[in-house]
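Residue strings, one per chain:
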Amino acid sequence: MQDILEQLEARRDQARLGGGQRRIDVQHSKGKLTARERIEVLLDEGSFEEFDMFVAHRCVDFGMEKQKYPGDGVITGWGTINGRMVYLFSQDFTVLGGSLSETHAAKICKIMDMAIKNGAPVIGMNDSGGARIQEGVAALGGYADVFQKNIMASGVVPQISVIMGPCAGGAVYSPAMTDFIFMVKDSSYMFVTGPDVVKTVTNEIVTAEELGGARTHTSKSSVADGAYENDMEALFEVRRLVDMLPLNNREKPPVRPYFDSHSRVENSLDTLIPDNTNAPYDMHELVRKLADEGDFFEIQKDFAKNILTGFIRLEGSTVGVVANQPMVLAGCLDIDSSRKAARFVRFCDAFEIPILTLVDVPGFLPGTTQEYGGVIKHGAKLLFAYGEATVPKVTVITRKAYGGAYDVMASKHLRGDFNYAWPTAEIAVMGAKGATEIIHRSDLGDAEKIAAHTQDYEDRFANPFVAAERGFIDEVIMPRNTRIRVARAFASLRNKQLSNPWKKHDNIPL
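Only a predicted model underlies this, so the values are computations on that prediction, with no experimental measurement involved.

Colleague: In this structure, what is going on with the overall build of the protein chain? I would like to understand it.
Modeller: A tally of regular secondary structure across the protein chain gives 19 helices and 17 strands. Its C-alpha radius of gyration of 26 Å places the protein chain within 12% of the 24 Å reference for a compact globule of 510 residues. Once the C-alpha set of the protein chain is aligned to its principal axes, its extents read approximately 95 × 55 × 45 Å. The buried share of the protein chain, taken over its 510 residues, is 52%. Of the roughly 23300 Å² that the protein chain leaves accessible, carbon and sulfur atoms contribute 54%.

So this is what it looks like as structure tokens:
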């Protein structure tokens, strides 16, 4: 019996070594943690339960029968983050470059099936050279199997991808279908075709970092939601995000203890809006002054900066925030901001996370670039996302809410539950100057008359009271009381029930 136990422990020690100490040292020399070290950082201490430690590939072509490693390049299992269960896989670059084989893929599919059945998030740590070429179509089939699991899990359990090394070719499509993608600066990259192929086909000379590095995907392509300095920081931020999310689509987000007063009054908000209606201010300040302890987990902060998306807590409960940012493009909606916000709103709706919308939007960004790029259809994505959402929706208009952008930003007409406005709100078809030039076109040559007409328009429409008179605004509130009013609104909506007509699925304007 003792011999058998010792054999088991020896096999486990071999599996834990992955590709061997030399390759582990190489991984460390690049500033990267090993696959097992990443799991230790991510999960609560001692909580990891591993599956399929001894699985090995079955390939015998190209001498592969001589290159077998227990686990086959990926570590899978489950554990806890602050006591809440998650399933995870961590690709091991020290084993055949973390390449995906048929059995490697089967291990990932197994834990994803378990996550769906047991209602727990899936976290994937990607560090792989791609499909294992020696296995050919069997490896490609393995990728497709994983893709299908991503699709089935979408909207059922949260899926988080952490890119911690290379992720190229077909491998990129699995993270692309997950809810959040985080990257590590200078050590991770994603692209469909690498720099060498790009040079051959298009004659463009580009580095891997420029083509698919963390900065590219967080600021230009919007593929990634955040980029961090190193493996440790990325994994700590994933822990923080998981703390905000429900385990699955049938549970509410966790309610955490909070140490902030629910009746906190923020007098500084009374002077947040500048006297000059065209002067910018930072919407981050409002978001943080509403949040418990000022904590804001921002999503895609480096992309489409004219809109903010992310999570806060109000009285311990998670709330998704969408907010126009007057500091960038005056807070206008455009193609990128519409896509960014629409995806975030749909995630929140899928997982029963209430949505707070903070509005200061002068309209959609004009120009041929936007029109040729399809701003109509992209803007409709955000409109569609808000309109189909059945979660509690609270909206606060701080300043401008002009034209179609007023409708799009969670207006009462899109089933907003509570729609508040500050006294500084301006709700109108357009700004006073533009409106005056259309209504009083015949007086355009008379500067005094135009000035008088403009002032008259501002007096009549540059306020929230016309909308309030019609019931489109539920209440005009003092800025200093916004946290109290918003928190009470969400508290009153905790038992909200609303369902859409039965359908197989909708046809959002993609």
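From this point, the discussion proceeds with the structure in view.
Colleague: Got a minute to help me understand the nonpolar core in this structure?
Modeller: What tends to happen in soluble globular proteins is that the nonpolar side chains get buried as a cluster. Residues Ile123, Ile160 and Phe311 are the most contacted members of the largest nonpolar core, which totals 61 residues. Counting 28 residues, the second largest nonpolar core, distinct from the first, contains Ile111, Ala153, Ile163 and Val172.

Colleague: Would you explain the packing of aromatic side chains in this entry?
Modeller: Each pair of aromatic rings is reported with the distance of its centres and the angle of its planes. All chains considered together, the criterion is met by 11 aromatic pairs. With 6.5 Å between their ring centres and 85 degrees between their planes, Phe147 and Tyr173 make a pair best called edge-to-face. Separated by 26 residues along the polypeptide, Phe147 in helix H5 (residues 137-153) and Tyr173 in helix H6 (residues 173-176) bring together distant segments of the chain. With relative accessibility at 18%, the residue Phe147 sits in the buried group. Measuring from centroid to centroid gives 4.8 Å for Phe180 and Phe347, while their planes differ by 70 degrees, and the two rings are edge-to-face.

Colleague: Please explain the side chain of Glu315 as it appears in this structure.
Modeller: Considering the arrangement of structural elements, one finds Glu315 in the loop between strand E11 (307-314) and strand E12 (317-324). A residue is classified by how much of its surface remains accessible, and Glu315, at 18% relative accessible area, is buried. Setting aside residues no more than four positions away along its own chain, Glu315 makes contact with Val255, Tyr258, His262, Asp292, Ala487, Ala491 and Arg494.

Colleague: How should unusual backbone geometry be read in this particular structure?
Modeller: For residues other than glycine, phi is negative in most cases, and the peptide bonds are mostly trans. In this model, Glu315 sits at a positive phi of 50 degrees, which is unusual for a non-glycine residue. The phi dihedral of Arg415 is positive, around 65 degrees, even though this residue is not glycine. With respect to the secondary-structure elements, Arg415 resides in the loop between helix H15 (403-408) and strand E15 (418-421). On the basis of relative accessibility, which here comes to 29%, the residue Arg415 falls in the partly exposed class.

Colleague: Explain helix H3 (residues 35-42) here, please?
Modeller: Summarising burial for H3: 6 of the 8 residues are buried, a large majority. Burial in H3 covers these residues: Ala35, Arg36, Arg38, Ile39, Val41 and Leu42.

Colleague: Which parts of the structure should I look at to understand the side chain of Thr390?
Modeller: Within the secondary structure, Thr390 sits in the loop between helix H14 (375-388) and strand E14 (393-402). Among all residues touching Thr390, those that are not within four sequence positions of it are Asp349, Arg415, Lys496, Leu498, Ser499 and Asn500.

Colleague: How do you make sense of the state of the cysteines when you look at a structure like this?
Modeller: Here, disulfide denotes a covalent bond that connects the sulfur atoms of two cysteines. In this structure the tally under the stated criterion is 0 disulfides. Cys109 carries a free sulfur, and the closest cysteine sulfur to it, the one in Cys167, is 15 Å from it. Since its relative accessible area comes to 9%, Cys109 is described here as buried. The buried category is assigned to Cys167, whose relative accessible area is 1%.

Colleague: Quick question: what am I supposed to make of the pattern of salt bridges here?
Modeller: Pairing is possible between side chains that carry opposite charge, provided their charged atoms lie close to one another. Tallying each qualifying case throughout the model produces 26 salt bridges. Note that Glu266 is salt-bridged to Arg264, the shortest N-O span being 2.7 Å. Residue Glu266 is classed as buried on the basis of its relative accessible area of 17%. Under the relative-accessibility criterion, Arg264 is labelled buried at 17%. Here Arg483 ties to Asp292 by a salt bridge, and the two come within 2.9 Å at their closest N and O atoms. One end of the pair, Arg483, is in helix H19 (residues 482-492); the other, Asp292, is in the loop between helix H11 (283-290) and strand E10 (297-299), and 191 residues separate them in sequence. Residue class for Arg483 comes out buried when judged on its relative accessible area of 1%. Three or more residues are tied together by salt bridges with common partners; here these are Lys32, Arg38, Asp127 and Asp231.

Colleague: Please clarify how the sheet that holds strand E4 (residues 122-126) should be interpreted in this entry.
Modeller: Within a sheet, adjacent strands bond to each other through the backbone by hydrogen bonds, running parallel or antiparallel. Taken in spatial order, the 7 strands line up as E1-E2-E3-E4-E5-E7-E9 in an open sheet, and their pairing is mixed. Each edge of the open sheet is held by one strand with a lone partner, namely strand E1 (49-51) and strand E9 (226-228). For this sheet the average axis-to-axis angle between neighbouring strands, irrespective of direction, equals 20 degrees. Direction of pairing for strand E3 (residues 84-91) relative to E4: parallel, over a ladder of 4 bridges.

Colleague: How should the packing of helix H4 (residues 102-118) against H5 be read in this particular structure?
Modeller: Helix-helix packing is characterised by the crossing angle of the two axes and by the distance between the axes. At a closest axis distance of 8 Å, the pairing of H4 and H5 adopts a crossing angle of 10 degrees. Viewed along their axes, H4 and H5 adopt a mutual orientation that is roughly parallel. Contacts between H4 and H5 involve Glu102, Ala105, Ile108, Cys109, Met112, Asp113 and Ile116 from the former and Ala138, Gly142, Asp145, Val146, Lys149, Asn150, Met152 and Ala153 from the latter. Tallied by class, the residues present in the contact of H4 with H5 amount to 9 nonpolar, 2 polar and 4 charged.

Colleague: Which parts of the structure should I look at to understand the pairing of strand E7 (residues 180-184)?
Modeller: For a regular strand, the rule is simple: side chains alternate between the two faces of the sheet. Extensive coverage of E7 is indicated by the burial of 5 of its 5 residues. Alternating residues of E7 divide into Phe180, Phe182 and Val184 and Ile181 and Met183, and every residue in both groups is buried. Across 4 bridges, strand E5 (residues 159-163) lies against E7 in parallel orientation. Residue pairing for E7: Ile163 is matched across the bridge by Met183. Bridge count between E7 and E9: 3 bridges; the pairing is parallel. Bridge pairing in E9 links Val184 to Tyr228.

Colleague: What should I look at first to understand the environment of Glu102 in this one?
Modeller: Its location among the elements puts Glu102 in helix H4. Since its relative accessible area comes to 40%, Glu102 is described here as partly exposed. In this structure the C-alpha to C-alpha distance between Glu102 and Val345, which are 243 residues apart in sequence, comes to 36 Å.

Colleague: So what exactly am I meant to see when it comes to the packing of helix H12 (residues 335-350) against H14 here?
Modeller: Orientation of H12 relative to H14, taken along the N-to-C sense of each, is 20 degrees, at an axis distance of 8 Å. As summarised for this structure, H12 and H14 are arranged roughly parallel, according to the angle between their axes. Where H12 crosses over H14, the two elements pack in a sense that is left-handed. Between H12 and H14, the contacting residues are Ile335, Ser338, Arg339, Ala341, Ala342, Val345, Arg346 and Asp349 on the first element and Val375, His378, Gly379, Lys381, Leu382, Ala385, Tyr386 and Glu388 on the second.

Rules behind the numbers
Residues numbered from 1 in each chain as written. Predicted model: local features only at pLDDT ≥ 70, side-chain atom pairs only at ≥ 80, totals over all residues. Heavy atoms only, no water. Helix = DSSP H or I, 4+ residues; strand = E, 2+ residues; numbered from the N terminus. Rg over C-alpha atoms; globule rule 2.2 N^0.38 Å. Buried < 20%, exposed > 50% of the residue type's maximum accessible area, 1.4 Å probe, protein only. Areas by Shrake-Rupley, 256 points an atom, 1.4 Å probe, with all protein chains shown as cover. Core = buried A, V, L, I, M, F, W, Y, C linked by side-chain atoms within 4.5 Å. Phe/Tyr/Trp six-rings, centres within 6.5 Å; stacked < 30°, edge-to-face > 60°. Contact = heavy atoms within 4.5 Å. Disulfide = S-S within 2.5 Å. Salt bridge = Lys/Arg side-chain N within 4 Å of Asp/Glu carboxyl O. Pairing = 2+ DSSP bridges. Axes fitted to C-alpha atoms, helices over the stretch in contact; angles between N-to-C directions. Parallel < 35°, antiparallel > 145°, perpendicular 65-115°, else oblique. Nonpolar A, V, L, I, M, F, W, Y, C, P; charged D, E, K, R; others polar. Left-handed = near helix turned anticlockwise from the far one by under 90°.

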